[in-house]
Amino acid sequence: MNCPYLFFDGGEDTTVPCPYNVIRRVTTGLMAIQSTGKKLGTPKRAIDWETGKVLQNGKYTIEEKLHVGGFGVTYLARERDSDDLVVIKTLNETVRQRRDFAKCQQDFLNEALRIAKCTHPHIVRVNEFFHERFLWCIVMEYVAGITLADLVEKKGAIPEAKAVKYIRQISDAVMLVH
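A. Looking closely at the pattern of salt bridges. In total, this model carries 8 salt bridges according to the counting rule given. Measuring nitrogen to oxygen at the nearest pair gives 2.9 Å for the salt bridge that ties E128 to K59. Placement of the pair is E128 in strand β8 (residues 126-132) and K59 in the loop between β4 (54-55) and β5 (60-68), with a sequence separation of 69 residues. Assessed through its relative accessible area of 23%, E128 is described here as partly exposed. Taking the shortest distance from any N to any O, the salt bridge between R125 and E141 comes out at 3.8 Å.

Structure representation (C-alpha cells):
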C-alpha cells in the first residue's frame, strides 16, 4: 500500500507521522517503512503536470498551467466525458515541500469544502475532489475571461462606479464563504 505522503526529496532528516497511519514514519530524504517493516520504496517528489498529462484514469487531460500562487497551482483541463474545460487546483511545489504539508493539505481541503457548499453567482462551482498520487485536487468550473488584476493592468484604473460594483460582488462572495 502506498502512502500519499511519500513525496519527500532530500532536505534535513525529519521524522513526521503519516496521517493515514499506513506507515510508522516518513523520514525526509530516506526510505519510508511500513508498519510491518516492509520498505515501500524511494520517496517521490511531485512533478509538474505538463500539457497532455492524464489524470484520474483518463477522466481529465491537462491543457495548460494557468497560475502558480503562494499556496496553489491551477491547471486548465478537459473533462473526457463532457469535453468541457475545467480548472484543477492543487498545492504548489513550495507547499508540498513544507514540513507541515499534511496540515496545509487539510486546510486546502477544508477551504474547498466550504466553497463547495456555496451557491453564489460570483463564486466558481466546485465539481468534485480527487486524489492523484499523494495530492488532493479540486475540480472547478472554468470561467473564461481575464482577472480583475489583468483588466487593471491592461486598461488602467477602473472608474469609481464600476470599482464599487466589483467590490460589492467580491464582498458578497467573501461574506458567504467566511
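The discussion continues.
B. Representation of the nonpolar core. One finds I123 and I138 to be the most contacted residues of the largest nonpolar core, which totals 17 residues. No other element matches the 5 residues that helix α2 (residues 101-116) contributes to this core. Beyond its immediate chain neighbours, meaning those up to four positions away, I123 contacts I115, C118, E141, A173, L176 and V177. Membership of the second largest hydrophobic core comes to 12 residues, among which are I62, V73, V86 and V139.

C. Spotlight on the packing of aromatic side chains. Evaluated as defined, the whole model comprises 4 aromatic pairs. Considering the side-chain rings of F101 and F134, the 6.4 Å spacing of their centres and the 70° angle between planes classify their relative orientation as edge-to-face. Here F101 is found in helix α2, whereas its partner F134 is found in the loop between β8 and β9 (135-141), with 33 residues between them in sequence. Considered together, F101 and F134 belong to a single accessibility category, that of buried residues.

D. Broad picture of a nonpolar patch on the surface. Taken together, the side chains of L148, V152, I170 and V174 present a nonpolar region at the surface, about 300 Å² in accessible area. Looking at the nonpolar patch, the elements with two or more residues in it are α3 (148-155) and α4 (160-177). In this structure, L148 sits in helix α3.

E. Quick look at the pairing of β5. Of the strand pairs in this sheet, β4 and β5 are connected by 2 bridges, and their pairing is antiparallel. The partner of V54 across the bridge, within β5, is T61. Linking β4 to β5, which pair antiparallel, is a turn of 4 residues; within it Q56 sits at a positive phi near 55°. Note that β5 and strand β6 (residues 72-79) share 7 bridges and pair antiparallel. When the sheet's bridge partners are listed, H67 is paired in β6 with T74. Two successive antiparallel strands, β5 and β6, enclose a turn made up of 3 residues.

F. Geometry of a positive patch on the surface. A cluster of basic residues, K154, K155, K162 and K165, forms a positive patch on the protein surface. For the positive patch, the elements supplying multiple residues, two or more each, are α3 and α4. With respect to the helices and strands, K155 occurs in helix α3. By relative accessible area, which is 66% here, K155 ends up exposed.

G. Summary view of the sheet that holds β9. Across the sheet, which stays open at both edges, the 6 strands sit in the order β4-β5-β6-β7-β9-β8 with antiparallel pairing between neighbours. The open sheet is flanked by β4 and β8, the only strands paired with a single partner.

H. Spatial organisation of the pairing of strand β7 (residues 85-91). Of all 7 residues in β7, 5 are buried, a share of seventy percent or more. Note that β6 and β7 share 7 bridges and pair antiparallel. By the bridge assignment, L76 is partnered in β7 with V87. Where β6 folds back on β7, the antiparallel hairpin that results is connected by 5 residues, among which D83 adopts a positive phi of roughly 65°. Taken together, the 4 bridges between β7 and β9 define a ladder with antiparallel strand orientation. Pairing of K89 across the sheet is with I138, part of β9.

Rules of the game
Residues numbered from 1 in each chain as written. Predicted model: local features only at pLDDT ≥ 70, side-chain atom pairs only at ≥ 80, totals over all residues. Heavy atoms only, no water. Salt bridge = Lys/Arg side-chain N within 4 Å of Asp/Glu carboxyl O. Helix = DSSP H or I, 4+ residues; strand = E, 2+ residues; numbered from the N terminus. Buried < 20%, exposed > 50% of the residue type's maximum accessible area, 1.4 Å probe, protein only. Core = buried A, V, L, I, M, F, W, Y, C linked by side-chain atoms within 4.5 Å. Contact = heavy atoms within 4.5 Å. Phe/Tyr/Trp six-rings, centres within 6.5 Å; stacked < 30°, edge-to-face > 60°. Patch = residues over 30% accessible without salt bridge, like charges linked within 9 Å, V, L, I, M, F, W, Y side chains within 5 Å. Areas by Shrake-Rupley, 256 points an atom, 1.4 Å probe, with all protein chains shown as cover. Pairing = 2+ DSSP bridges. Lys, Arg positive; Asp, Glu negative; His and termini not counted. Charge placed at Lys NZ, Arg CZ, Asp CG, Glu CD.

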